[in-house]
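Listed below, chain by chain, are the residues.
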There are 2 protein chains.
Amino acid sequence: MPDPIRLAVDVAGGDYGAAVSVPAAIDALDQDALLSVSLFGDESAIRPYLAGLPAVSRDRITLTHTAIAVPMDQRPARALRHGRGSSLWLALEAVANGDADACVSAGNTGALMVLARRLIGTLNGIDRPALMSWLPSETGHTYLLDLGANIGVRAEHLVQFAVMGTVFAAQVDGIDRPAVGLVNVGREDSKGDNILQSAARVLSESPLNYIGFVEGNDIYQGGVNVVVCDGMIGNIVLKSSEGLARMLFSALNTHLQRGWRARLTGWVGASVLRRWVAQFDPGAHNGAALLGLRGVVVKSHGGADRAATTNALSRAALEARRNVPENIETLVKTITEKVET
Amino acid sequence: MPDPIRLAVDVAGGDYGAAVSVPAAIDALDQDALLSVSLFGDESAIRPYLAGLPAVSRDRITLTHTAIAVPMDQRPARALRHGRGSSLWLALEAVANGDADACVSAGNTGALMVLARRLIGTLNGIDRPALMSWLPSETGHTYLLDLGANIGVRAEHLVQFAVMGTVFAAQVDGIDRPAVGLVNVGREDSKGDNILQSAARVLSESPLNYIGFVEGNDIYQGGVNVVVCDGMIGNIVLKSSEGLARMLFSALNTHLQRGWRARLTGWVGASVLRRWVAQFDPGAHNGAALLGLRGVVVKSHGGADRAATTNALSRAALEARRNVPENIETLVKTITEKVET
């Protein structure tokens, strides 16, 4: 039987706040009888969504009121100085205190990162937490990290990212020996600067399934489960991919309105095109993992809807059940000891 | 009347060699009465494509025989030591000697870059040549540089790239005051390391139309004509975008074969979908510019077909007619003097 899990939810974050996060939390409770949730946010915003809830669900919800919310555009350093008592701060603190097993927020990503690091702390052997997300590929999906939490990394950080991604893909997705690649401008061993060369050397000698340097197209081609890079690169790859996909979909929509044949195509093909777009729906895999902390922290997309938010909550519960943080610490220790000897 | 232009063509390069480059050169001559071409490569491979050519075209073609070709996978350093007398070397030398106004090659990109730098040399005020290409956007297209010629750039290199891209977009595309952006993980002025901060400062005070930091999605959203970044980032953005587009198109094809409704959609919508894909056809804009040299050098895609290769040749001729190198030197001088005073 799976472990009971207590989720701390920052209700204030995201584009829709309580209107999405509370119903999503209720859905998550419906789907998982061993789940309980602690909601952090403005009581008056939350209460309406709890009205009429059956006792069996209501009993698994606790509510901690705070009117303080970290603004979406607040600078991380400011959130660190002034964020105390905010819904984000309290939700993270619940994980730090052991009152919750995982925290989910759709709020300010920069603030989430600095507050999580400050309140929960990093694992032994991990210098910096990393943000990891899921990208679709021809053969399934590929994890990409770091997405912007770390800019200007050293070789050991890349190695730590590789460990984090491996543990997550193995534990959460059940992938046997996930294939890990390092982003470079070419696949040849000779390519890349000293940082990449040195990370590649450590990874080659590690117990990880390191497959070598990979290029940008490998992310989507499949054949690699975890793609590791500096946060600047990951951030720009993620955003440019989102921009390209949006442009292609929107251009197709425009083409489908030009003339009777195009409109007929749109009409006949509506379900086909919907299935095609849905295949790449980020909502189905909503939730970027902030890895390397002494607890599970998941960033839900700011614009995530109810179903996508429920998904992020379920993924956070699964990550906690599979003990991703402890497993990262164990694996990174093995590699560090190997490098030092 | 436009100036007469002499193009030096490395016939050996690319996936198809003379079979594509010679017919493409003939097409380019047909389209532009003031063009002449010098073909560099194996005479026996070239001759068959020249047979039966009317004198009016034949008279504008010269042929320099060499059996030496730089292998597509040869390391640049090796090409530099052993490439003398190869078709690529001779074509670049023709530009260096003033026997040709521009060189086009579909060969080994790394070799092209080091040989071009060695034989043609960089412009005053330019430390390193950069590779620039075209990406489609919602409002037209965006130039992205550097694409991998320069990894680990300093601030002054980013400024030089901005100058090169501006001159190209203004002169070749006729864009009035092209908007230039620097790739960063966010648009806020405070984001980014010292290199980005310092490049942004110089660009803000320059005569360029610098619009500030841009994110990955801005490349495809439009609103910026020239996007400047380190070669590592440009390379990975370009390749991941190619990979994503390929995956989306191929997944749509798969969906269009599942069931009668899907097949009907594919049948009715064939022309619509073709127009949609064609809108993003890189062939129509084939040719990455190697900028910052004392001459025009264009890299045609290795897999480019006849029409795409003709396009690269015409673009190279246009770049030479518009004096892109001289204009880059003039503009970079203005900015350097401003910074120094």
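Just so it is clear, the model here is predicted, and its values are computed rather than measured. (Residues numbered from 1 in each chain as written. Chains lettered and ligands numbered in written order. Predicted model: local features only at pLDDT ≥ 70, side-chain atom pairs only at ≥ 80, totals over all residues. Heavy atoms only, no water.)

1. Quick word on the packing of helix α11 (residues 260–268) of chain A against helix α11 (residues 260–268) of chain B
Here comes step 1: Remark: α11(A) packs on α11(B), axes separated minimally by 9 Å, with the N-to-C direction vectors making an angle of 165 degrees. With respect to α11(B), the element α11(A) is oriented roughly antiparallel. Between α11(A) and α11(B) lies a crossing whose hand is left-handed. On α11(B), the residues touching Arg261(A), Leu264(A), Thr265(A), Trp267(A) and Val268(A) of α11(A) are Arg261(B), Leu264(B), Thr265(B), Trp267(B) and Val268(B). (Axes fitted to C-alpha atoms, helices over the stretch in contact; angles between N-to-C directions. Helix = DSSP H or I, 4+ residues; strand = E, 2+ residues; numbered from the N terminus. Parallel < 35°, antiparallel > 145°, perpendicular 65-115°, else oblique. Left-handed = near helix turned anticlockwise from the far one by under 90°. Contact = heavy atoms within 4.5 Å.)

2. Brief notes about the packing of helix α7 (residues 155–173) of chain B against helix α8 (residues 194–204) of chain B
Residues and elements named next belong to chain B.
Here comes step 1: α8 packs onto α7 with a crossing angle of 45 degrees between their chain directions and a minimal axis gap of 8 Å. One finds that α7 runs oblique with respect to α8. As α7 packs across α8, the resulting crossing turns out to be right-handed. Of α8, the residues touching α7 (which contributes Ala 155, Leu 158, Val 159 and Ala 162) are Ile 195, Leu 196, Ser 198, Ala 199, Val 202 and Leu 203.
Here comes step 2: Here the contact of α7 with α8 is built from residues that sort into nine nonpolar, one polar and no charged. (Nonpolar A, V, L, I, M, F, W, Y, C, P; charged D, E, K, R; others polar.)

3. Brief notes about the interface of chain B and chain A
Here comes step 1: Across the boundary between the two partners, chain B contributes 50 residues, which contact 50 residues of chain A.
Here comes step 2: Measuring nitrogen to oxygen at the nearest pair gives 2.2 Å for the salt bridge that ties Lys239(A) to Glu215(B).
Here comes step 3: The tally of links between chain B and chain A comes to twelve residue pairs in polar contact (both at pLDDT 80 or more).
Here comes step 4: Among the elements of the structure, β5 (130–137), α9 (218–221), α10 (231–255), α11 and α12 (270–279) of chain B are those that each provide at least two residues to the side of chain B that touches chain A. (Salt bridge = Lys/Arg side-chain N within 4 Å of Asp/Glu carboxyl O. Polar contact = N/O pair within 3.5 Å; in protein donor to acceptor, adjacent residues only side chain to side chain.)

4. Some thoughts on a nonpolar patch on the surface
Here comes step 1: Together, Trp260(A), Leu264(A) and Trp267(A) give the surface a local cluster of nonpolar side chains, amounting to about 430 Å² of exposed area.
Here comes step 2: Relative accessible area serves as the criterion here: at 65%, Trp267(A) is assigned to the exposed category. (Patch = residues over 30% accessible without salt bridge, like charges linked within 9 Å, V, L, I, M, F, W, Y side chains within 5 Å. Areas by Shrake-Rupley, 256 points an atom, 1.4 Å probe, with all protein chains shown as cover. Buried < 20%, exposed > 50% of the residue type's maximum accessible area, 1.4 Å probe, protein only.)

5. Here's the deal with the pairing of strand β4 (residues 102–105) of chain A
Every regular strand shows the same layout, with side chains that alternate between the two sheet faces.
Residue and element names in this part refer to chain A.
Here comes step 1: Here β4 shows two buried faces, one formed by Ala 102 and Val 104 and the other by Cys 103 and Ser 105.
Here comes step 2: Relative to β4, strand β1 (residues 5–10) is paired through four bridges, and the arrangement is parallel. The residue of β4 that forms the bridge with Val 9 is Val 104.
Here comes step 3: In this structure, β4 lies alongside strand β11 (residues 296–299), joined through four bridges in parallel fashion. By the bridge assignment for β11, Cys 103 is matched with Val 297. (Pairing = 2+ DSSP bridges.)

6. Concerning the side chain of His157(B)
Here comes step 1: Position of His157(B) among the secondary structure elements: in helix α7.
Here comes step 2: Excluding residues that lie within four positions of it along the chain, His157(B) makes contacts with Asp127(B) and Arg128(B).

7. As for the relation of the copies chain B and chain A
Here comes step 1: Overlaying chain B on chain A yields an RMSD of 0.1 Å, the required transformation being a rotation through 180 degrees with an accompanying axial translation of 0.0 Å. Both chain copies can therefore be described as sitting about a two-fold axis.
Here comes step 2: When the interface residues of chain B are mapped onto chain A, 100% of them again lie at the interface, so the same face is used by both copies. (Least-squares fit on C-alpha atoms with pLDDT ≥ 70 in both.)

8. Points about the nonpolar core
Here comes step 1: In this structure, Leu92(A), Leu182(A), Leu92(B) and Leu182(B) are the most contacted members of the largest nonpolar core, which totals 178 residues.
Here comes step 2: Residue contacts for Leu92(B): discarding those within four places in its chain leaves Cys103(B), Leu112(B), Leu115(B), Ala116(B), Leu119(B), Ile120(B) and Val297(B). (Core = buried A, V, L, I, M, F, W, Y, C linked by side-chain atoms within 4.5 Å.)

9. A word on the sheet that holds β1(A)
All names here are of chain A.
Here comes step 1: Reading across from one edge, β3-β2-β1-β4-β11-β10-β5-β6-β9-β7-β8 is the order of the eleven strands in this open sheet, with mixed pairing throughout. Because the sheet does not close on itself, it has two edges, and the strands there are β3 (61–65) and β8 (209–214). Direction aside, neighbouring strands of the sheet carry axes that sit 25 degrees apart on average.
Here comes step 2: Here helix α1 (residues 18–31) sits on the sheet in contact with β1, β2 (35–41) and β3, set at roughly 170 degrees to β2.

10. Notes on the environment of Gly269(A)
All names here are of chain A.
Here comes step 1: Tracing the backbone through its elements, the reader meets Gly 269 in the loop between α11 and α12 (270–279).
Here comes step 2: Classification of Gly 269 by relative accessible area gives buried; the value is 0%.
Here comes step 3: Taking the C-alpha atoms as reference points, Gly 269 and Ile 26, separated by 243 residues in sequence, lie 35 Å from one another.

11. Structural notes on the pattern of salt bridges
Should the charged atoms of two oppositely charged side chains come close, the side chains can pair.
Here comes step 1: Counting across every chain of the model gives 20 salt bridges over all chains.
Here comes step 2: Of the charged contacts in the structure, one is a salt bridge between Arg154(A) and Glu156(A), with a shortest N-O distance of 2.9 Å.
Here comes step 3: A residue is classified by how much of its surface remains accessible, and Arg154(A), at 45% relative accessible area, is partly exposed.
Here comes step 4: The partly exposed category is assigned to Glu156(A), whose relative accessible area is 34%.
Here comes step 5: One connected set of salt bridges, linked through shared partners, spans Arg187(A), Glu215(A), Asp218(A) and Lys239(B).

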